[in-house]
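Listed here are the chains, written in short residue letters.
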Amino acid sequence: IEENDNIRSFSMKKILIAIAFFAFTQSKAQVTFSPGLKAGYSASNITNLGTDYRNDFYIGGFGLLKLTEFYNMQFEIMYLRQGAMNYKWNQSQGSNPNFKKTDIKLNYISFNFINKFNVKKFNFHAGPGLDIKVSEDPYNYNEVMIGGSPSFPYESNSPVDLTINLGVGYQITPNLGFDARMRMGIIEPIYTSGYYFFNGNSLNKSFLIGLNYTFNN
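Residues numbered from 1 in each chain as written. Predicted model: local features only at pLDDT ≥ 70, side-chain atom pairs only at ≥ 80, totals over all residues. Heavy atoms only, no water.

(A) Main features of the pattern of salt bridges. Scanning all chains against the criterion turns up 8 salt bridges. Overlapping salt bridges bring together Lys38, Glu76, Asp179 and Arg181 as one network. (Salt bridge = Lys/Arg side-chain N within 4 Å of Asp/Glu carboxyl O.)

(B) Structural detail: the pairing of strand β12 (residues 204-214). In β12, alternate side chains face the same way, and those of Asn204, Ser206, Leu208, Gly210, Asn212 and Thr214 are buried while those of Lys205, Phe207, Ile209, Leu211 and Tyr213 on the opposite face are not. As judged from the 9 bridges shared by strand β10 (residues 176-185) and β12, these two strands associate in the antiparallel manner. Note on β12: the bridge partner recorded for Gly177 is Asn212. (Buried < 20%, exposed > 50% of the residue type's maximum accessible area, 1.4 Å probe, protein only. Helix = DSSP H or I, 4+ residues; strand = E, 2+ residues; numbered from the N terminus. Pairing = 2+ DSSP bridges.)

(C) Expanded view of the nonpolar core. Core analysis: the largest hydrophobic core is formed by 10 residues, namely Ile46, Leu49, Ala84, Tyr87, Trp89, Ile104, Leu106, Tyr108, Tyr154 and Ile190. Those elements giving two or more residues to this core turn out to be β3 (71-90) and β4 (99-119). (Core = buried A, V, L, I, M, F, W, Y, C linked by side-chain atoms within 4.5 Å.)

(D) Representation of the sheet that holds β10 in the model. Strand order around the closed barrel formed by 8 strands is β1-β2-β3-β4-β5-β9-β10-β12, with antiparallel pairing between neighbours. The sheet shows a mean angle of 25° between the axes of neighbouring strands, direction not considered. The sheet contact formed by strand β5 (residues 122-137) and strand β9 (residues 160-171) spans 11 bridges and is antiparallel. Opposite His125, over in β9, you have Gly167 as the bridge partner. (Axes fitted to C-alpha atoms, helices over the stretch in contact; angles between N-to-C directions.)

(E) A look at empty space enclosed by the protein. Going through the model one piece at a time under the given rule, you end up with 1 cavity of 30 Å³ or more. Around the largest cavity, the lining is made up of 15 residues, and of these Gln74, Lys116, His125, Asp179 and Asn212 lie nearest the centre. For the lining of the largest cavity, the elements supplying multiple residues, two or more each, are β3, β5, β9 and β10. Per-element accounting of the lining of the largest cavity gives the leading share, 4 residues, to β10. (1 Å grid on protein atoms, 1.4 Å probe; cavity = no way out; pocket = protein on both sides within 12 Å on 5 of 7 lines; lining within 4 Å. Points joined across faces, edges and corners; volume = space filled by probe spheres on them.)

Keep in mind that these numbers describe shape and distance, not what the molecule does.
This is the structure:
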């Protein structure tokens, strides 16, 4: 009887090992990597400055790692134009305010790690990002002169920003998709010294709407 039990135990172990090996090979076979391109419209602002949105564009590429039917990982690199328009600041440092308006134009290379959750043709995405500032359109120098010396509306505060990304997408075809995303920074991009017109932290905020195309799908 003991010998029969040992045989049954050995057979069961072989069956379990075979099932585990089959499941592992099947999961490996389902993992694929596909590159892609994306571009679209961006509306960006800087919070707590009473500014208008900067309407511009974004463009970039991504790599989509398909792990399961439900969950994918997407790695992105994008050129993104952010900032704000019509920032109202007090040019006068005396008792009589002299309000001016200027635009804040900050341009970034954005690296994002996005978790995508698929429900039929819809997908929901969330993940962190790192933005590195690559250029800044300066304000008009003549507008900030007071008595021959400049009175700047703001100063560059940080060359980088960390972001939180939340969004939703829809697959129009297996290769072509549409997505909408909200991005929120957590590092102040500019420093306004004593010229705050509003109170609170001034952080990058943007909304992206665009198309994406996945190759080798």
